[in-house]
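# Chains, contacts and geometry: an overview
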Amino acid sequence: MKYLKVIAFTHKYVDLKDLGKFVICNECLESSLESVKAKFDIPEIFYLGTCNRVEFVFTADQNLDSSFVKDFIQTLNLPVSEDQVDTFVNQVVVYEDVEALNHLLRISCSLESLVVGEKEILAQVRKAYETCRASGFTGDYLRLIMSRVVKTAKEVYTHTGIARKPISVVSLAYRKLRELKMCTNARILIVGAGETNRNIAKYLKKHKYSNFAVFNRSIENAEILASELGGKAYGLEDLKTYKGGFDAIITCTSATEPIITNEIYQSLLNGDTSRKVIVDLAVPNDTCPEVLEKNPVTFIEVHSLQEIANSNLKERYDELVNAERIIDQNIEEFKPVLKQRRVEIAMQEVPQRIKEIKENALNKIFASEIEGMDDNSREVLARVMNYMEKKYISVPMVMAKDILIKNS
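These notes cover the structure that comes with them. For clarity, every value in this text was computed on a predicted model and none was experimentally measured.

## Details of the pairing of strand β10 (residues 297-301)
Examined bridge by bridge, strand β9 (residues 276-280) and β10 share five bridges and lie parallel to one another. Bridging from a neighbouring strand, Asp 280 pairs with Glu 301 of β10. This β-α-β element, β9 to helix α12 (residues 289-294) to β10, shows right-handed connectivity.

## Quick notes on the sheet that holds strand β1 (residues 4-10)
Pairing within the open sheet is antiparallel, and its four strands lie in the order β2-β3-β1-β4. Of all strands in the sheet, those bounded by a partner on one side alone are β2 (45-50) and β4 (93-96). Pairwise comparison of adjacent strand axes, ignoring direction, gives a mean angle of 15 degrees for this sheet. Relative to the sheet, helix α2 (residues 26-40) contacts β2 and β3 (53-59), its axis offset from that of β2 by approximately 135 degrees.

## Overview of helix α6 (residues 120-134)
An ideal rise of 1.5 Å per residue puts 21 Å on 15 residues; α6 measures up with 21 Å between its terminal C-alpha atoms. The set of residues buried in α6 consists of Ile 121, Leu 122, Val 125, Ala 128, Tyr 129 and Cys 132. The arc that holds the buried residues of α6, viewed along the axis, is 130 degrees, so those residues lie on one side. For α6, the exposed residues lying more than 90 degrees away from the buried face are Glu 120, Lys 127 and Ala 134. Structurally, α6 contributes buried residues whose contacts are with α2, β2, α5 (98-108) and α7 (140-159). Two residues or fewer after α6 comes Gly 136, characterised by a positive phi angle close to 85 degrees.

## Considerations on the packing of aromatic side chains
Counted under the stated rule, the structure contains 15 aromatic pairs. An angle of 85 degrees between the planes, with centres 5.3 Å apart, marks the rings of Phe 215 and Tyr 242 as edge-to-face. Here Tyr 242 lies in the loop between β7 (232-235) and β8 (248-251) and Phe 215 lies in strand β6 (residues 211-216), a separation of 27 residues in the sequence. Here Phe 215 and Tyr 242 have matching classes, each one buried. Three or more aromatic residues joined by ring pairs form one cluster here, namely Phe 40, Tyr 47, Phe 56, Phe 58, Phe 68 and Phe 72. Taking NZ or CZ as reference, Lys 276 lies 5.4 Å from the ring centre of Phe 246, over its face.

## Describing the nonpolar core
Residues Phe 9, Phe 56, Phe 58 and Phe 72 are the most contacted members of the largest nonpolar core, which totals 71 residues. For this core, the element with the highest residue contribution is α7, accounting for ten residues. If sequence neighbours within four positions are ignored, Phe 9 has contacts with Val 14, Leu 19, Phe 22, Asn 52, Arg 53, Val 54, Phe 56, Ile 73, Phe 88 and Val 92. Grouped together as the second largest cluster of nonpolar side chains are 31 residues, Ala 201, Ala 248, Val 277 and Val 279 included.

## What about a nonpolar patch on the surface?
A cluster of nonpolar side chains, namely Val 380, Val 384, Tyr 387, Met 388 and Tyr 392, defines an oily patch on the protein surface of about 470 Å² accessible area. Within the fold, Tyr 387 resides in helix α17 (residues 375-407).

## Things to note about the pairing of strand β5 (residues 187-191)
For a regular strand, side chains alternate in direction, first toward one face of the sheet and then toward the other. With four of five residues buried, β5 lies mostly within the body of the structure. The pairing of β5 with β6 spans five bridges and is classified as parallel. Looking at the pairing, Arg 187 lines up with Asn 211 of β6. Taken together, β5, helix α9 (residues 195-206) and β6 form a β-α-β motif whose crossover is right-handed. Sheet analysis places β5 next to β8, joined by four bridges and oriented parallel. Note on β8: the bridge partner recorded for Ile 188 is Ala 248.

## Digging into the pattern of salt bridges
Side-chain pairing between opposite charges can occur once the charged atoms of the two side chains come close. Within the structure shown, the criterion is met by 22 salt bridges. The closest approach of N and O atoms between Asp 140 and Arg 143, which form a salt bridge, is 2.7 Å. Note that Asp 140 and Arg 143 are positioned in helix α7 at a spacing of three residues, about one turn of the helix. For Asp 140, a relative accessible area of 23% corresponds to the partly exposed category. Judged by relative accessible area, which is 38%, Arg 143 ranks as partly exposed. Close ionic contact of Asp 318 with Lys 314 constitutes a salt bridge, the shortest N to O distance being 3.2 Å. You can see Asp 318 and its partner Lys 314 sitting in helix α13 (residues 302-318), four residues apart, about one turn around the helix. Owing to a relative accessible area of 54%, Lys 314 belongs among the exposed residues under this scheme. Here the salt bridges share partners, and the residues they tie into one network are Lys 12, Arg 106, Glu 112 and Glu 324.

## Some points on the environment of Asn 312
Looking at the secondary structure, you find Asn 312 in helix α13. Residues Asn 312 and Arg 164, spaced 148 residues apart in sequence, show a C-alpha to C-alpha distance of 8.8 Å.

The rules behind the values
Residues numbered from 1 in each chain as written. Predicted model: local features only at pLDDT ≥ 70, side-chain atom pairs only at ≥ 80, totals over all residues. Heavy atoms only, no water. Pairing = 2+ DSSP bridges. Helix = DSSP H or I, 4+ residues; strand = E, 2+ residues; numbered from the N terminus. Right-handed = clockwise from strand over helix to strand, strands pointing away. Axes fitted to C-alpha atoms, helices over the stretch in contact; angles between N-to-C directions. Contact = heavy atoms within 4.5 Å. Expected span 1.5 Å × (residues − 1). Buried < 20%, exposed > 50% of the residue type's maximum accessible area, 1.4 Å probe, protein only. Arc of directions from axis to C-beta. Phe/Tyr/Trp six-rings, centres within 6.5 Å; stacked < 30°, edge-to-face > 60°. Lys NZ or Arg CZ within 6 Å of the ring centre and 35° of its normal. Core = buried A, V, L, I, M, F, W, Y, C linked by side-chain atoms within 4.5 Å. Patch = residues over 30% accessible without salt bridge, like charges linked within 9 Å, V, L, I, M, F, W, Y side chains within 5 Å. Areas by Shrake-Rupley, 256 points an atom, 1.4 Å probe, with all protein chains shown as cover. Salt bridge = Lys/Arg side-chain N within 4 Å of Asp/Glu carboxyl O.

Written as structure tokens, this is what we have:
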């Protein structure tokens, strides 16, 4: 495994605004990787770029000292000035041999992610590898590595609780909403068209909710979100006069004072006295306390959701020990697999060589003697030679594998 290398620029050591300098666009990816392959005689390589990491995974003989890393960065022709290169060289993290494999496994299992337990990173690693494989940048060695990476990640996500409990406030809010078992044609008012409400709207749309009214200070943004949901758009001021009725309000604005006052709430009710749902994801809350005091409301808000999220995150971190145990086990299992594959590759010419020896013996060295045999004798000889050929092919390969593994 000594040829496996990783050069990593990550959120832990590189400022996120600087990390963008190392991102390679799709149009430039092949030429950039061709450059480093040619200069450093790299047999296989793939590139991984996400919102918080850029990594190069490759095989090479060289040790990854600072001189190599600096030359590597400059060869990629990135938008990094000469003055910045030395700074970034000091911020890069390099992994070699077993440490490189361990690092790749930890990435794929989300142990190195900003949010531990988020499965998206595995899909990103697989896609990055497949992109480079399709372009001919990877071969048999990285194929084996990636096979082990995927196997390990699946085991971690299946056999530990590292990803089971959500830690996103939005996903927790939606789960709480789903627990109330509202029908899909429930009347939902969405107040605010920012990122948080756009994210929760995706959950609602996915599960076939269809009756929306979107209110926002900027009517243009309200129209965009309403269009995605198949709903109607209104300005924020229209809340005061809206008479369409509602079953639930989802609100998240940047207002410093409550948006849903009791006066506005009574106007929205328009005489309806049934219990309603308010999901308030704003900080501070968009809902005036008087609304909760004077009306039958099921209230879901950030503070209680954040407590659940923090508890779930702690449980995820508690599962790190189990995840690391699975990773260590897979590394140990992979070592003999890799060695066996090396033997197979090294001995892949053996069958052809043995066939050539057999053909030479039959057609040249013993040709005259065989010619003097009767048909039955030649048939017996042919069967014997074929039997011996198979044995001579299989026996040395099996022995070589055993010797290599026992002596490692």
